[in-house]
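This is what each chain is made of:
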Amino acid sequence: MKERLITLRLTEKSYNELSKEDAELVASARAATDGSYAPYSNFHVGAAIRLDDGTIVTGANQENAAFPSGICAERTAAFYAGSKHIGRRFTAIAIAAREGGSKELTSYNISPCAACRQVLLEYEKLAGNGIRVLMASQTNVLEADSVATLVPLAFSDF
């Protein structure tokens, strides 16, 4: 038997350390939480994707009483960007969340769920470059230099 250790490298930044572009993307994700429809979980997630032409596309999670019928913020933004901005490549995505009725972001950094990671990995392959992932909290932002960083045993071919 052989044991393998898988590690992942993330960069933790304070809000003051973000570039102007990254701060704008995180602020857009934060603002997108207002479009969340989350009456069941009270977990309001917003995502903002920057395209290669500088356009920012946002999305928010949408829940439904038939639970599998809902969709995450990251996929809402990705599918909209993919269908309305044909040929544009994703360069970065920011994710932010609020809990309950709070207007403040969560005290912890949230990352995309496994389904969203897989979808974003497909867009990363399409882009031909890493899509940076910015995961916001009240106090800092964790950055992965690519979606593949968050999916160490990824598959992207069939």
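Throughout what follows, the structure given in this document is the object of discussion. What you are looking at is a predicted structure, and each value in this text was computed from that prediction instead of being measured.

1. Side note on helix α3 (residues 114-127)
Between the first and last C-alpha of α3 there are 20 Å, a value that for 14 residues agrees with the 20 Å anticipated at 1.5 Å per step. Listed in full, the buried residues belonging to α3 are C116, V119, L120, L121, Y123, E124 and A127. Check the buried side of α3 and you find it contacts α2 (73-84), β4 (90-99) and α4 (147-150). Where α3 ends, the next residue or the one after it, G128, has phi of about 75 degrees, a positive value.

2. Here's the deal with the environment of T11
Its location among the elements puts T11 in strand β1 (residues 11-14). Residues T11 and D145, spaced 134 residues apart in sequence, show a C-alpha to C-alpha distance of 8.6 Å. Not counting the four nearest positions on each side in its chain, T11 is found in contact with V141, L142 and E143.

3. A look at the sheet that holds β1
Spatially, six strands are ordered β1-β6-β5-β4-β2-β3 in an open sheet, and the strand pairing comes out mixed. Strands at the two margins of the open sheet, each flanked by one partner only, are β1 and β3 (56-60). On average, each strand axis in the sheet is inclined to that of its neighbour by 20 degrees, with strand direction left out of account. Sitting on the sheet, helix α1 (residues 20-32) touches β2 (43-51), β3, β4, β5 (132-136) and β6 (140-144), and the angle it makes with β2 is about 145 degrees.

4. Regarding the pattern of salt bridges
Applying the stated rule across the entire model yields nine salt bridges. D53 is the salt-bridge partner of R88, the closest N and O atoms lying 3.9 Å from each other. One end of the pair, R88, is in the loop between α2 and β4; the other, D53, is in the loop between β2 and β3, and 35 residues separate them in sequence. In this structure R88 comes out as partly exposed when scored by relative accessible area, which is 34%.

5. Brief notes about the side chain of T33
Considering the arrangement of structural elements, one finds T33 in the loop between α1 and β2. We classify T33 as buried; its relative accessible area is 0%. Engagement of the side chain of T33 in a polar contact is seen with the side chain of R98, the distance being 2.8 Å. Filtering out sequence-adjacent residues up to four positions away, T33 remains in contact with H44, V45, G46, A96, A97 and R98.

6. Notes on the nonpolar core
One finds F90, I93 and V133 to be the most contacted residues of the largest nonpolar core, which totals 26 residues. For this core, the elements supplying multiple residues, two or more each, are β2, α2, β4, α3, β5, β6 and α4. Formed by twelve residues, the second largest nonpolar core is a distinct cluster that contains A92, A96, L105 and L134.

7. Notes on the environment of S146
Turning to its location among the elements, S146 is positioned in the loop between β6 and α4. Among the polar contacts made by the side chain of S146, one reaches the main-chain amide nitrogen of A148 at a distance of 3.4 Å.

Reading the values: rules and limits
- Position labels on residues start from 1 in each chain and follow its written sequence.
- pLDDT decides what is reported in this predicted model: residues at 70 or higher carry local features, side-chain atom pairs at 80 or more are listed and counted, and totals for whole chains, interfaces and linings draw on all residues regardless.
- The basis for the side-chain values is all heavy atoms of the structure; hydrogens and waters are excluded.
- Put simply, DSSP marks the helices as runs of H or I at least four residues long and the strands as runs of E at least two long, and each gets a number from the N terminus on.
- Multiplying one less than the number of residues by 1.5 Å gives the expected span of a helix.
- Relative accessible area decides the class of each residue, using a 1.4 Å probe on protein chains only: under 20% of the type maximum gives buried, over 50% gives exposed, and in between gives partly exposed.
- In what follows, residue pairs with any heavy atoms lying within 4.5 Å of each other are defined as contacts.
- What makes two strands pair is DSSP finding at least two bridges between them.
- Only the stretch in contact is used when a helix axis is fitted, and all axes are lines through C-alpha atoms; the angle between N-to-C directions ranges over 0 to 180 degrees.
- In what follows, salt bridge is the name for a side-chain nitrogen of Lys or Arg lying within 4 Å of a carboxyl oxygen of Asp or Glu.
- Contacts described as polar in this section are N or O atom pairs within 3.5 Å, which, within protein, must combine one atom able to donate a hydrogen with one able to accept it, while residues neighboring in sequence count only if both atoms come from side chains.
- Joining through side-chain atoms within 4.5 Å is the link that ties buried Ala, Val, Leu, Ile, Met, Phe, Trp, Tyr and Cys residues into a set, and such a set is a nonpolar core.

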